[in-house]
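The primary structure of each chain is shown beneath.
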Amino acid sequence: MTQAALRDPVLAQRLAGEILKMAARPVRLMEFCGGHTHAILRFGIRARLEPKVRLLSGPGCPVCVTATADIDAAIALAHLPGVAVATFGDMLRVPGSRSTLMQARAEGADVRVVYSALDALDLARRELQRQVVMLGIGFETTAPTVAATIREAAAEGVPNYTVFSLHKLTGPAMRAILDAGEVRLDGIIGPGHVTTITGTQAWEFLPEEYGISCAVAGFEPLDILRAVRSLVLAIAEGRPRVTNDYPRSVSREGNRVAQALMAEVFTVESALWRGLGRVPASGLAIGERYAAYDARRRFAEAFAGVLYDAPEPPGCCCGEVLRGVLEPTECPLFRRVCTPAHPVGPCMVSSEGACAAHYHYGGAL
Amino acid sequence: MCLAVPLRVVAIEGTMAEVEMGGVRRRVSLVLVPETQVGDYVLVHTGFAISRLDEEEAQETLALFEEMAQAAREEEDERPSPTAPDGPDGEGTSG
Ligand code: SF4
């Protein structure tokens, strides 16, 4: 499938025009996923649809929703002698309460950037004298990939590989936002790659319990407009539903192999989210069967000093941004103090963060 | 981090595949999509294929957009201010 065809500007304009005609009343939609936020700003979709169709950013940036305390714990792990922490690059510059993984590395801690959890497992195989801890960050898209490395390590008996699982589930976060009632939403643009794993069935609670529609979208401009069109149509008809607007990758059942692997390796428990606080049944911890591969259990000493009520960086509004309550541009530090070169909060660090998206592409607004 | 990109599988060996990205080849794991075959497009996320792109659905998506473009063109030509939306509902509705 050609990318150019899905970025056709003439067709995008037409589709946007059609959406605006269809919208019977002004509507507010939230894109859950940070990848969507970037595409929406980069291709000028938000500006094109405003004010009749307002698109709000949601909590779908795994790095951004990682709590300060968990970053502190990761830094503490990296400072343990003989331990190397392997992480996706996005995490390096996210501020903990006192430092970042990058600063920890400058101070001599062993922090390695990996592209895949497979690279971390390879590192463990190569450097048997070291304990390699993979930071498991990500939603349902990433969790099965990390689960796969845990199962592989167990099958092979790799003695020096563990995972610090901070994986989170998207459905409970969406519920938390809706239950809080801070933002009025008429529809949700569903995350395309999370739903590739979970299947559209994971979003059926939205029309059933909350009476709002969800349209699962791909990441090209026409994919996103197609989903917005589905939502506006469902709203105009007064028939809340889930639509699959990314059928080339997404099905109702999702990726069963990945789901089974997650169920085998992880157990669902509450998790701490930046912006949302502790959300029940929203995190994936490593289950009993693979307890030997759980960094929390193997390095309990690193977690002893972590303060779970560590404050957010002063002045940073990431929490409100992640809940869709504030626009990044409404944060007093945005662009003045907080920039991608000197980020105050994670929403400016991550390539999926809303503040970074507004910084890079927001000029069009 | 959640950005996955579609890449073409050029070779498979056990649970690993070689995929092509802008002329560069890289190895990805197929453990999450074991039914993958050479020639398939897979979505790759952090070194793992997470889905096999459905070629038929991809073609239908392009056809749907073409249809929408056509409808919009006709509407512009014939009716300067349409009222009721009556476009296609989009395929793949999951209810
Ligand atoms: S602009 Fe910076 S300080 Fe403000 S909310 Fe975003 S990340 Fe936090």
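Presented here is an overview of the structure given in this document. Computed from a prediction, not measured in an experiment: that's the story for all the values here.

On to the overall build of chain A, then. Within chain A, the secondary structure is distributed over 18 helices and 12 strands. Over its C-alpha atoms chain A spans a radius of gyration of 21 Å, differing by no more than 12% from the 21 Å that the globule rule assigns to 365 residues. Taken over the C-alpha atoms alone, chain A extends approximately 65 × 45 × 40 Å along its principal axes. Long-range pairs, those at least 24 residues apart, make up 77% of the contacts in chain A with a sequence separation of at least 6.

Excluding glycine, residues mostly have negative phi values, and the peptide bonds linking residues are mostly trans. Residues and elements named next belong to chain A. Residue Pro51 is bonded to the preceding Glu50 through a cis peptide linkage, with omega at 0 degrees. Take Pro51: it is sitting in the loop between helix H3 (45-49) and strand S2 (53-60). Positioned with a positive phi, Ala281 is a non-glycine residue whose angle comes to about 50 degrees. Tracing the backbone through its elements, the reader meets Ala281 in strand S12 (residues 277-286).

The next subject is the interface of chain B and chain A. On the side of chain A, 53 residues touch chain B, which itself brings 44 residues to the contact. Summing both partners gives a buried area of about 4,100 Å² for chain B against chain A, and 64% of it is carried by carbon and sulfur. Inspection of the chain B/chain A interface yields 0 salt bridges. Inspection of the region where chain B meets chain A yields 7 residue pairs in polar contact (both at pLDDT 80 or more). Broken down by element, the residue count for the side of chain B that touches chain A peaks at 12 residues, all from helix H1 (residues 55-78) of chain B. Taken together, the residues that form the side of chain B that touches chain A break down as 24 nonpolar, 11 polar and 9 charged.

Let us now look at the packing of aromatic side chains. Residue and element names in this part refer to chain A. Enumeration according to the criterion identifies 7 aromatic pairs over all chains in this entry. Ring plane angle 20 degrees and centroid distance 6.1 Å describe the contact between Phe139 and Trp273, whose orientation is recorded as stacked. Here the residue Phe139 occupies a position in the loop between strand S5 (131-136) and helix H8 (143-156), and Trp273 occupies one in strand S11 (residues 266-273), the gap between them amounting to 134 residues. As far as the burial class goes, Phe139 and Trp273 line up, both buried. Between the aromatic rings of Phe205 and Tyr210, the centroid separation amounts to 6.1 Å while the plane-to-plane angle is 75 degrees, which identifies the pairing as edge-to-face. Residue classification places Phe205 among the buried positions, given a relative accessible area of 9%. Since its relative accessible area comes to 25%, Tyr210 is described here as partly exposed. Members of the aromatic cluster, joined through ring pairs, are Phe32, Phe139, Trp203, Phe205, Tyr210 and Trp273.

This part covers helix H1 (residues 9-22) of chain A. Residues and elements named next belong to chain A. A rise of 1.5 Å per residue sets the reference length of H1, with its 14 residues, at 20 Å; its end C-alpha atoms lie 20 Å apart and thus fit the reference within 8%. Along H1, the positions that sit buried rather than exposed are Leu11, Ala12, Leu15, Ala16, Gly17, Glu18, Ile19 and Met22. Regarding H1, its N-cap is Asp8, as a side-chain oxygen of that residue lies 3.0 Å from the backbone nitrogen of Val10 further along.

Turning our eyes to something else, we now look at helix H13 (residues 256-265) of chain A. All names here are of chain A. Within the sequence span of H13, burial applies to Ala258, Leu261, Met262 and Val265. Buried residues of H13, viewed axially, fall in a sector of 100 degrees; they line one side. With respect to the buried face of H13, the exposed residues turned more than 90 degrees away are Arg256 and Ala263. Contacts made by the buried residues of H13 are with H8, helix H10 (192-198), S11 and S12. The opening residue of H13 is Asn255, an N-cap whose side-chain oxygen sits 3.1 Å from the backbone nitrogen of Val257.

Once that is clear, we can look at the sheet that holds S5(A). Residue and element names in this part refer to chain A. Strand order across the open sheet formed by 4 strands is S4-S3-S5-S6, with parallel pairing between neighbours. Among the strands making up the open sheet, the edge pair consists of strand S4 (110-113) and strand S6 (161-165). Recorded for the sheet is a direction-independent mean angle of 30 degrees between the axes of neighbouring strands. As paired strands, strand S3 (residues 83-87) and S4 are joined by 4 bridges and run parallel to one another.

All right, on to a negative patch on the surface then. On the surface, B:Asp54, B:Glu55, B:Glu56 and B:Glu60 cluster together into a negatively charged patch. Mapped onto the elements of the fold, B:Glu60 is located in helix H1.

Take the nonpolar core next. In terms of nonpolar packing, the biggest core is built from 118 residues, with A:Leu77, A:Leu101, A:Met134, A:Tyr161, A:Phe164, A:Met174 and A:Leu206 touching the most fellow members. Residue contributions to this core peak at 7 residues, all from helix H5 (residues 68-79) of chain A. For A:Tyr161, the contacting residues outside a window of four places in its chain are A:Ala117, A:Ala120, A:Leu121, A:Ala124, A:Val132, A:Met134, A:Thr149, A:Ile150, A:Ala153, A:Tyr293 and A:Arg298. Listed in part, the 32 residues of the second largest apolar core include A:Ala16, A:Leu55, A:Ile224 and B:Met68.

All names here are of chain A. Relative to the elements of secondary structure, Thr170 occurs in helix H9 (residues 170-180). Overall, the relative accessible area of 1% leaves Thr170 in the buried class. The residues touching Thr170, leaving out its near neighbours within four places in the chain, are Phe32, Phe139, Glu140, Val194 and Trp203.

Residues and elements named next belong to chain A. Reading across from one edge, S2-S1-S8-S9-S10 is the order of the 5 strands in this open sheet, with parallel pairing throughout. Each edge of the open sheet carries a strand with a single partner, namely S2 and strand S10 (242-245). Going from strand to strand, the sheet's axes swing by 25 degrees on average, the running direction of each strand aside. Where strand S1 (residues 27-33) meets strand S8 (residues 187-190), 3 bridges bridge the pair, whose relative direction is parallel.

Conventions adopted
Residues numbered from 1 in each chain as written. Chains lettered and ligands numbered in written order. Predicted model: local features only at pLDDT ≥ 70, side-chain atom pairs only at ≥ 80, totals over all residues. Heavy atoms only, no water. Helix = DSSP H or I, 4+ residues; strand = E, 2+ residues; numbered from the N terminus. Rg over C-alpha atoms; globule rule 2.2 N^0.38 Å. Contact = heavy atoms within 4.5 Å. Buried area = accessible area lost by both parts, 1.4 Å probe. Salt bridge = Lys/Arg side-chain N within 4 Å of Asp/Glu carboxyl O. Polar contact = N/O pair within 3.5 Å; in protein donor to acceptor, adjacent residues only side chain to side chain. Nonpolar A, V, L, I, M, F, W, Y, C, P; charged D, E, K, R; others polar. Phe/Tyr/Trp six-rings, centres within 6.5 Å; stacked < 30°, edge-to-face > 60°. Buried < 20%, exposed > 50% of the residue type's maximum accessible area, 1.4 Å probe, protein only. Expected span 1.5 Å × (residues − 1). Arc of directions from axis to C-beta. Pairing = 2+ DSSP bridges. Axes fitted to C-alpha atoms, helices over the stretch in contact; angles between N-to-C directions. Patch = residues over 30% accessible without salt bridge, like charges linked within 9 Å, V, L, I, M, F, W, Y side chains within 5 Å. Areas by Shrake-Rupley, 256 points an atom, 1.4 Å probe, with all protein chains shown as cover. Lys, Arg positive; Asp, Glu negative; His and termini not counted. Charge placed at Lys NZ, Arg CZ, Asp CG, Glu CD. Core = buried A, V, L, I, M, F, W, Y, C linked by side-chain atoms within 4.5 Å.

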